[in-house]
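# Chain and residue survey
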4 protein chains.
Amino acid sequence: MAALGENAPGLGIGMVGYAFMGRAHSHAWRSVGPFFDPPLRPEMTALAGRNAAKVQGAARELGWASTETDWKALLRRDDIGLIDICTPGDGHAEIAIAALDAGKHVLCEKPLANSVAEAEAMVAAADRARERGVRSMVAFNYRRVPAIALARRLVAEGRLGTIRHVRAQYLQDWLADPGAPWTWRMDKERAGSGALGDIAAHIIDTTQFVTGQQITDVSALLRTFVHERPHDGGTRPVTVDDAALFIGRTSGGATASFEATRFATGRKNSLRIELNGSQGSLAFDLESLNELWFHDAAEDSLTGGFRRILVTEAEHPYMAAWWPPGHIIGYEHTFTHEIADLLTAIAGGTDPSPSFADGLQVQRVLAAVAESAETGTWRTT
Amino acid sequence: MAALGENAPGLGIGMVGYAFMGRAHSHAWRSVGPFFDPPLRPEMTALAGRNAAKVQGAARELGWASTETDWKALLRRDDIGLIDICTPGDGHAEIAIAALDAGKHVLCEKPLANSVAEAEAMVAAADRARERGVRSMVAFNYRRVPAIALARRLVAEGRLGTIRHVRAQYLQDWLADPGAPWTWRMDKERAGSGALGDIAAHIIDTTQFVTGQQITDVSALLRTFVHERPHDGGTRPVTVDDAALFIGRTSGGATASFEATRFATGRKNSLRIELNGSQGSLAFDLESLNELWFHDAAEDSLTGGFRRILVTEAEHPYMAAWWPPGHIIGYEHTFTHEIADLLTAIAGGTDPSPSFADGLQVQRVLAAVAESAETGTWRTT
Amino acid sequence: MAALGENAPGLGIGMVGYAFMGRAHSHAWRSVGPFFDPPLRPEMTALAGRNAAKVQGAARELGWASTETDWKALLRRDDIGLIDICTPGDGHAEIAIAALDAGKHVLCEKPLANSVAEAEAMVAAADRARERGVRSMVAFNYRRVPAIALARRLVAEGRLGTIRHVRAQYLQDWLADPGAPWTWRMDKERAGSGALGDIAAHIIDTTQFVTGQQITDVSALLRTFVHERPHDGGTRPVTVDDAALFIGRTSGGATASFEATRFATGRKNSLRIELNGSQGSLAFDLESLNELWFHDAAEDSLTGGFRRILVTEAEHPYMAAWWPPGHIIGYEHTFTHEIADLLTAIAGGTDPSPSFADGLQVQRVLAAVAESAETGTWRTT
Amino acid sequence: MAALGENAPGLGIGMVGYAFMGRAHSHAWRSVGPFFDPPLRPEMTALAGRNAAKVQGAARELGWASTETDWKALLRRDDIGLIDICTPGDGHAEIAIAALDAGKHVLCEKPLANSVAEAEAMVAAADRARERGVRSMVAFNYRRVPAIALARRLVAEGRLGTIRHVRAQYLQDWLADPGAPWTWRMDKERAGSGALGDIAAHIIDTTQFVTGQQITDVSALLRTFVHERPHDGGTRPVTVDDAALFIGRTSGGATASFEATRFATGRKNSLRIELNGSQGSLAFDLESLNELWFHDAAEDSLTGGFRRILVTEAEHPYMAAWWPPGHIIGYEHTFTHEIADLLTAIAGGTDPSPSFADGLQVQRVLAAVAESAETGTWRTT
């Protein structure tokens, strides 16, 4: 019988929040070691939440070694080097700025903030922190879908030529039923916006990442179909959008057509992207996240067509760490990839990506969309 | 050996134009009898075109019994009861109005005209003619795709509930190559507009037909990517749009998101429609025109999902006339269906659909889109 | 007004039978001229059927100029040069042999005959006729699906390398309901066999055509699930197979796995073929007959994948005659292609393909399958 | 700061082997707690492997607390209650029997053994152990794909009626290249067989599980395409099959058509199953493991069709433990599900499933297939 040690230096993690995102991040912190052998060994040191009993139960379930009922306590602990923020958007700015200023690296869930002003303050904090070697990252996890990372690589290599059209939809249906209960995600104060910040933010970031371009101006439409929802025996007003649509232009001269909704009956988590370029096209749907469809205009017309690339080969981004070809991965793997890249950047003394500045830029697009919808005019971002 | 007669009364057809649309219509005039046994027996009496040699060759190839080099000659012939207009859009108004005023029924290709004013004059002529029992129809053939007709029926029966989202794209790629030659379709004078009138018109009419709603206001973007194209050894300017995008609202309170382009590399004829309603959703792609995807929200969550309806059953619209289940039909069948319905309406003394008024309404949407794109403001239709 | 002539010499057609196949052939005879401009101009001269009233009605509907109540009368008519046999299989041999011996070209529906002996006699007649310039063809129409013709071309060009696996299914469901009525297709005397001769024959011929190989030995299983079916107020015994399965070997060293059934609930006309070769693979499904899926092993592993080739380009077999790219065709077009090739072969004095000898070889595979199933042993073909 | 305990009693795990399967099992042992909160808390106590340095490295990477270089040492340790066997098939019988006789629960990878005789001895050991409350399970993990578990439920509820056809393929291509190197999986001594035991075993077990029926007799074909493969600078003979095909009958009267191959170029991990029953059909492909296609014959013919069920709802088997609807899972989750069920069964004092007896039955089918292929005759299982 032989006991074991580990070689990589440790990094204590303190996580704030333990709902949907907290569960996903916990799994990633747990899994990154065995699959990616990162240069820093994450230690699941502490979980913070207001309710002592609940946070202890969550920590036990999710594998955190200790708990705090005040997130500020995490910043004072020497055994914690990174704060992972998994709270609703209205808490991001305060926690992230305090953590960075306390010298803790920060991983912050998306959208970066609930307003451009908050996001700007966060970028300033990140800039200050960077000078001291303290790193920050906003968790747009879909950049780490292997098919999306491959799409980025193909675009960057020029396989699509000049991009003419960017087309993206994020379709869900969990609010299509007017009887679906009110949650904080329907409250403008907590969530900032509805489908816009929650899911349109994903397609904005993901398409900007893949194309390497920014959305520069937009004409938008926001809709709320159901204005009150059941809550605590009564109802409570819905103060956010149920659906967000816009058309626009990108910095590289492409058209943009975007739609995000929680009312697309039968579509559960259909984040679809299609890019058409002068030399080729790409299509993707998150419900089939292991597949990327690619059309190469250089193919002869006899055998040309969209190829279903099953993105499970060892050559594909992140996939060498997982299973043999054809063995698919799931949603939560994107967080493991994200954290592997984050740990590698911290250990290497480089800035992880997407940065808070990237998060701010998305925030500006969200703001332009909201203003365009409100005013009925085109807005630049 | 027994010789044969036919019972149904005959109707002489005079067709103007014999390019792509003329070939498709000719096949339909030829096929409608054997498959639909219509109450009027169409006779392919005369084909009109300016070039005597060419029109005679075309008539021989396509099965027309005689030719004229002036379409006005068709209006003077007693053996012709219906004029089928297959010319570019700039000729529609003059021919249609003259034919209707001459007492000939008219089938006119889409878009109805190149301007709202022309279309209004055509509707006035159609109204005058109707009083004398003379009928008119605009050839939005995709209404007669069986899957689209089925979609209309499902919506009309309330299977989708309240429609929340209308999403439509018409993606082609035949102009993605900057070296593709100039044709009349790139000339604003002849064609009226580019992708807008040619293919956006189809998705506008088809979605309005299926939903039973009209697009009421729009914010649009038109783009021309390639401004000169090869012609006659030199180049010639492209004066129409290569792509047209808009968002909007419908009369029933749904959002609308539309895009039409000839630059979607790898997409050959992908007219896609998706409708999301409170009780269900529908999806369609013309490249798989025998399929309709339907999600019924009433299904239990254990087995619910989008169904691929193979629209080839005898119960499906138009399909009893064709082959056993599972034997698919193609693009040109839509014209045969259209003509079968037209002949039935004429024989029955009723107005065929879509009417010139329907064509005018589409024209108004096209005009609103063009104006919105030009001015950067929202426009009502 | 100008009257028209035609240049190509005419060929009078006499067709026997006017059910499903007769309707499909009639449409093809009508359509081949306008779309393919064949070197012989077919004239729809006479239709033969036993019931005078019915055959006259059919001729009127389908466009035949005259009728006969005895097919032998067709052979005596000078205005008829080709006999098109669309009867059940038990009539093929007698009619085809008589027609060929009478100097008429013959197009015969598949399967060629109900027994190997009949098929051998038909081949002998075809051999005799060929010496006099009289041509014969068996109507395995799926060879003329453009995607199948393209598949043949890719295999012949070596794009698949050595073929390792041939996998084919023909799945229908029209007999899954035990209450579906008895027809002649369930009678061994008339039909020869059930799913075996009706639909397995198609996948046998099609895969042999595409691979250029023959099935050399088989181990088979035939099943009849429903032994009596409603007929004329009572029931009548089903004396043929409902499903036919076999494994086997091909002349080129591939394995073969075949299944044909009319009990595949929900599958309407799903003829599926997949070939796996050392250099690539192909997949096809008749329910999506305009698509061919192709995997080229030479693609780099980063972007390799099965391509959906939309077989609607002018470069694709037969497609230049039809519509612009992306405009799909349907089931009946295969017959038009078949007849275009037949007319070209007759005019050119060459043998059309598939020949009666090809039909006989398929018959031998069918016989081997039936014997293997009966004896529970492997059989060579 | 609060420290945490756990309530469920612990169960020490000793795992033998740490290659592909060992990595997958380790991840499952690590993940089962947070997601399924099982009644026994697994402790990753010890990993056994012959090479001390390698096993220590693996243990460190995969999260095992200690190592042994002799698996027998695991049986002597009091802190280990369950042996997880992840070795090649030739080691299964000895380890499993010794472990069960030593009073350790056993989870054994599939196929259960390399021969029927070994499997019989293992079942005898499992029977002896059961009397002492010691449990055993064979790791056919695909039973725990949620879509497969849902398929089982639909069949058990009678949604398919009488099953007529079972059709299954397991297509991979990692040996299609003759230059792919020799491994122990090509050695009959180590692996027992090739595609047959490795992947055909999966489709045999999975279809038998879903249908609740057994394969009763078979006619089979085994093929080896490449007889020598590169190894250690030279070559080494391949003594197993590259592909296995068979047709057969099931205990419930259905036909069976099976094919497993490692030569299906372009197919990476395509385990496909289709069942056709009198009342409905199901189709599945492991490359899209979150989807089940279901056709219900009770649907009206107007809207009937195969539904794509995205098996990600909380109501679906195992899915309540994971993410919101539409967020897909991957291959390795099947092992977590398997272990969750195993721990529940052990804690509840019931027999987990599939049992060693189930594994023996699959072994008998594999033996019948091998004998049928060798003798060219039908064999019963």
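All figures in this text were calculated on a predicted structure; none of them were measured in a lab.

Procedures and definitions
- Residues numbered from 1 in each chain as written.
- Chains lettered and ligands numbered in written order.
- Predicted model: local features only at pLDDT ≥ 70, side-chain atom pairs only at ≥ 80, totals over all residues.
- Heavy atoms only, no water.
- Least-squares fit on C-alpha atoms with pLDDT ≥ 70 in both.
- Contact = heavy atoms within 4.5 Å.
- Core = buried A, V, L, I, M, F, W, Y, C linked by side-chain atoms within 4.5 Å.
- Buried < 20%, exposed > 50% of the residue type's maximum accessible area, 1.4 Å probe, protein only.
- Helix = DSSP H or I, 4+ residues; strand = E, 2+ residues; numbered from the N terminus.
- Domains from an automatic or database assignment.
- Buried area = accessible area lost by both parts, 1.4 Å probe.
- Salt bridge = Lys/Arg side-chain N within 4 Å of Asp/Glu carboxyl O.
- Polar contact = N/O pair within 3.5 Å; in protein donor to acceptor, adjacent residues only side chain to side chain.
- Nonpolar A, V, L, I, M, F, W, Y, C, P; charged D, E, K, R; others polar.
- Pairing = 2+ DSSP bridges.

## As for the relation of the copies chain C and chain B
The two copies are related by a screw operation: chain C maps onto chain B through 180 degrees of rotation and 0.0 Å of translation along the axis, at an RMSD of 0.0 Å. Expressed as an axis order, the relation between the two copies is that of a two-fold axis. By C-alpha distance to the rotation axis, the residue of chain C lying nearest is Gly 330 of chain C, at 2.2 Å. A high fraction, 100%, of the interface residues of chain C reappear at the interface in chain B, so the copies pair face to face through one surface.

## Some points on the nonpolar core
Soluble globular proteins tend to pack their nonpolar side chains together in the buried interior. Within the largest apolar cluster, 225 residues are counted, with the highest numbers of intra-cluster contacts made by Trp 29, Ile 83, Leu 292 and Phe 356 of chain A together with Trp 29, Leu 292 and Phe 356 of chain D. Ranked by residues supplied to this core, first place goes to helix α8 (residues 195-211) of chain A with 9 residues. Residues in contact with Trp 29 of chain D, not counting those within four places in the same chain, are Ile 13, Pro 42, Met 44, Trp 64, Leu 82, Asp 84, Leu 107, Ile 339, Leu 342 and Leu 343 of chain D. Listed in part, the 223 residues of the second largest apolar core include Ala 139, Phe 246 and Leu 366 of chain B together with Leu 154 of chain C.

## Details of the environment of Val 16 of chain A
Residues and elements named next belong to chain A. Relative to the assigned elements, Val 16 resides in strand β2 (residues 10-16). Classification of Val 16 as buried rests on a relative accessible area of 6%. Along the chain, Val 16 and Arg 152 lie 136 residues apart, while their C-alpha atoms are 31 Å from each other. Residues within four places of Val 16 in sequence aside, it is in contact with Ala 48, Trp 71, Leu 74, Ile 83, Asp 84, Ile 85, Cys 86, Thr 87 and Ile 95.

## Here we look at the domain arrangement of chain A
Residues and elements named next belong to chain A. Segmentation of chain A into domains returns domain 1 (10-141) and domain 2 (144-380). Distance from the C-alpha centre of domain 1 to the C-alpha centre of domain 2: 23 Å. Counting residues at the interface gives 47 residues for domain 1 and 47 residues for domain 2. Across the domain 1/domain 2 interface, buried area totals approximately 4100 Å², and carbon plus sulfur atoms make up 71% of it. When the buried area of domain 1 at its contact with domain 2 is split by residue, Met 137, Phe 140 and Asn 141 rank highest and sum to 20% of it. Our count for the contact surface shared by domain 1 and domain 2 stands at 5 salt bridges. Between Asp 198 and Lys 110 there is a salt bridge, with the nearest N and O atoms lying 3.7 Å from each other. For the pair domain 1 and domain 2, the number of links is 13 residue pairs in polar contact (both at pLDDT 80 or more). Taken together, the elements giving at least two residues each to the side of domain 1 that touches domain 2 come down to α1 (20-36), α4 (92-101), β6 (105-109), α5 (116-131) and β7 (136-139). For the side of domain 1 that touches domain 2, the leading source of residues is α1, giving 11 residues. Across the side of domain 1 that touches domain 2, the residue classes tally to 32 nonpolar, 9 polar and 6 charged.

## Topic: the relation of the copies chain C and chain D
Superposition of the two copies of the chain requires a rotation about an axis together with a shift along that axis. Least-squares fitting of chain C to chain D yields an RMSD of 0.0 Å, with the transformation described by 0.0 Å of translation along the axis and a rotation of 180 degrees. A shared interface surface links the copies, since 100% of the contact residues of chain C are contact residues in chain D too.

## Focus: the pairing of strand β15 (residues 280-285) of chain D
Residue and element names in this part refer to chain D. By the criterion of burial, β15 is predominantly enclosed, with 5 of the 6 residues buried. The turn joining strand β14 (residues 270-277) and β15, which pair antiparallel and follow one another in sequence, is formed by 2 residues. Note that β15 and strand β16 (residues 291-296) share 4 bridges and pair antiparallel. Residue Ser 281 lies in a different strand from β16, and its bridge partner there is His 295. Turn length for the β15-β16 hairpin, with the two strands adjacent in sequence and antiparallel, is 5 residues.

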